[in-house]
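Descriptive structure summary
Residue strings, one per chain:
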Amino acid sequence: MNRVDQARKSVLQAGPQSRGPEEQLRAALEELAELRAREALQSQFLANISHDLRTPLTAVITHAEILRDGILGELTQRQLDSVRGIINGGRQLLSQVGEILTYARGSANQLSLDPTQFDVREVLEQARSLNAPLFEKKHLASRVEVQPDVPLLNADRDKVAHILANLLGNAIDFTPPDGHVWLRASCLVDGGRDCVLIEVADSGVGIAPEHHEMIFQEFAQVDSTPSRPHHGTGLGLTIARKLVDLHGGRIWVESEIGQGSRFFFTIPVEVAG
Amino acid sequence: MAVPDARDGGNAHPRAATSQPHVLVVEDNSLVSDAMRILFEASGNRVSVAGSVAEALGVSANDPADLVLLDLTLPDGDGLEVVAACLARQPEGRSVFVALTGRDDAATRQRCMAAGCRDVLLKPVPARELVARSRSWLPAS
């Protein structure tokens, strides 16, 4: 329970004490107001950081796009490839900035849900086509399977896409060439609620059972050998779990070394806004 | 053909001198505003740049823009002050305001829409997408 919730609880529970109920209530309300103000400041602080990081990135990427599109003159093929390198590097950096800010907001309990109605299949197909170049490069087969009884979801579409992107990124990173990644959606009743169960299954190296909990923790990477290709900051699964929790769902993995991995997460069909 | 520029004071040439749509970029980071100028001039617009609320109000007083792309974090205030002042001065004005901000919080988005912005975009926006969208905000040429 975070401090705001604690303060709310003490307001509700303010009872007869040596200081008198009115004074206790006033003190609790003051603390609540102070915490709210601090939350607002924290949100502004994170928004300021977002602005400060995105502004120079905008300069880098947009100027490179101007060169790429030949607006200031045609480029040779090699110049074009170099400029594309700048754009891709810039976009990778942008992606990391986004992850870190999401993590920071998540840690400060400042993430909120923006539910809309959408088709899970669309999100799965979009994730698959966004990663098509990587699938091709590693000769990985990919497939989307959605059970016919899966209903429309009422959830935060961007965040569900974010969870998928992080799981898919890992699947691709940890699956050797000529393997496969499957994306599946089905119905599940979990904890008494109607949910959609989404699965990202790969034929990759697998994860030992003793690491199944640890991989969701901040900055944890199972194998920190420098030679192994790893995915970013180690925040991917931490963030995925945070976003799943925000929806009131669950995330877990089934995997053994050498047996591939199946990551599952549930999203309740009706999410409280 | 010489085109009037915000840094001229914008008051020497009547707007009717050109039939190009007028885009006002309100942004205090010159690396970004230079890129915006290049993009929007290349797609057939007349571009003014303002690096502060005061400059932006000065330009729009003399030379109202068809599209105002607003950064929110300006040295002398909040970009939405420009929207408020323009709408107060010309409630029936045809300027379209679009916030182009690095602030990624929901509260910022809500404030912008409440202030009268047509849309709020988180930068960086891919150049091709920005130009394509601007066509829907600008008068048909």
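As shown above, the structure is provided for reference.
The structure presented is a predicted model; accordingly, all values stated were derived computationally and were not measured. (Residues numbered from 1 in each chain as written. Chains lettered and ligands numbered in written order. Predicted model: local features only at pLDDT ≥ 70, side-chain atom pairs only at ≥ 80, totals over all residues. Heavy atoms only, no water.)

Right, let's get into the overall build of chain B. Helix and strand counts for chain B stand at five helices and seven strands. Residues classed as buried in chain B amount to 50% of the 141 residues present. In chain B, the proportion of contacts linking residues at least 24 apart, taken out of those at least 6 apart, comes to 65%. (Helix = DSSP H or I, 4+ residues; strand = E, 2+ residues; numbered from the N terminus. Buried < 20%, exposed > 50% of the residue type's maximum accessible area, 1.4 Å probe, protein only. Contact = heavy atoms within 4.5 Å.)

To continue, consider the sheet that holds strand β3 (residues 67-70) of chain B. Residues and elements named next belong to chain B. Within the open sheet, the five strands sit side by side as β2-β1-β3-β6-β7. Their pairing is parallel. The strands lining the two open edges of the sheet, one partner per strand, are β2 (46-50) and β7 (119-122). Strand-to-strand twist in this sheet, taken as the mean axis angle between neighbours without regard to direction, amounts to 20°. Summarising the sheet, strand β1 (residues 22-26) and β3 pair through four bridges and their orientation is parallel. The partner of Val-26 across the bridge, within β3, is Leu-70. In this fold helix α1 (residues 30-42) packs onto β1, β2, β3 and β6 (96-101), with an angle of close to 165° to the strand it touches most, β2. (Pairing = 2+ DSSP bridges. Axes fitted to C-alpha atoms, helices over the stretch in contact; angles between N-to-C directions.)

Moving on, we get to the packing of aromatic side chains. Any aromatic ring pair is given by two values, namely how distant the centres are and how the planes are angled relative to each other. All names here are of chain A. One pass over the structure, following the stated rule, counts two aromatic pairs over all chains. Ring geometry for Phe-216 against Phe-263: centres 6.3 Å apart, planes inclined by 70°, an arrangement best described as edge-to-face. With Phe-216 in the loop between β5 (193-202) and α7 (236-247) and Phe-263 in strand β7 (residues 261-268), this residue pair connects regions lying 47 residues apart in the sequence. Here Trp-252 and Phe-264 contribute two aromatic rings whose centre-to-centre distance is 5.4 Å and whose plane-to-plane angle is 15°, an arrangement assigned as stacked. Residue Trp-252 is found in strand β6 (residues 251-255), and its partner Phe-264 is found in strand β7; the two are separated by 12 residues along the sequence. (Phe/Tyr/Trp six-rings, centres within 6.5 Å; stacked < 30°, edge-to-face > 60°.)

The next point concerns the nonpolar core. The biggest cluster of nonpolar side chains holds 43 residues, and the ones touching the most others in it are A:Leu124, A:Leu164 and A:Phe265. Ignoring anything within four residues of it in the chain, the contact list for A:Leu124 reads A:Val144, A:Val146, A:Leu164, A:Leu183, A:Arg184, A:Ala185 and A:Ile198. (Core = buried A, V, L, I, M, F, W, Y, C linked by side-chain atoms within 4.5 Å.)

Just distances and angles here, no functional claims.
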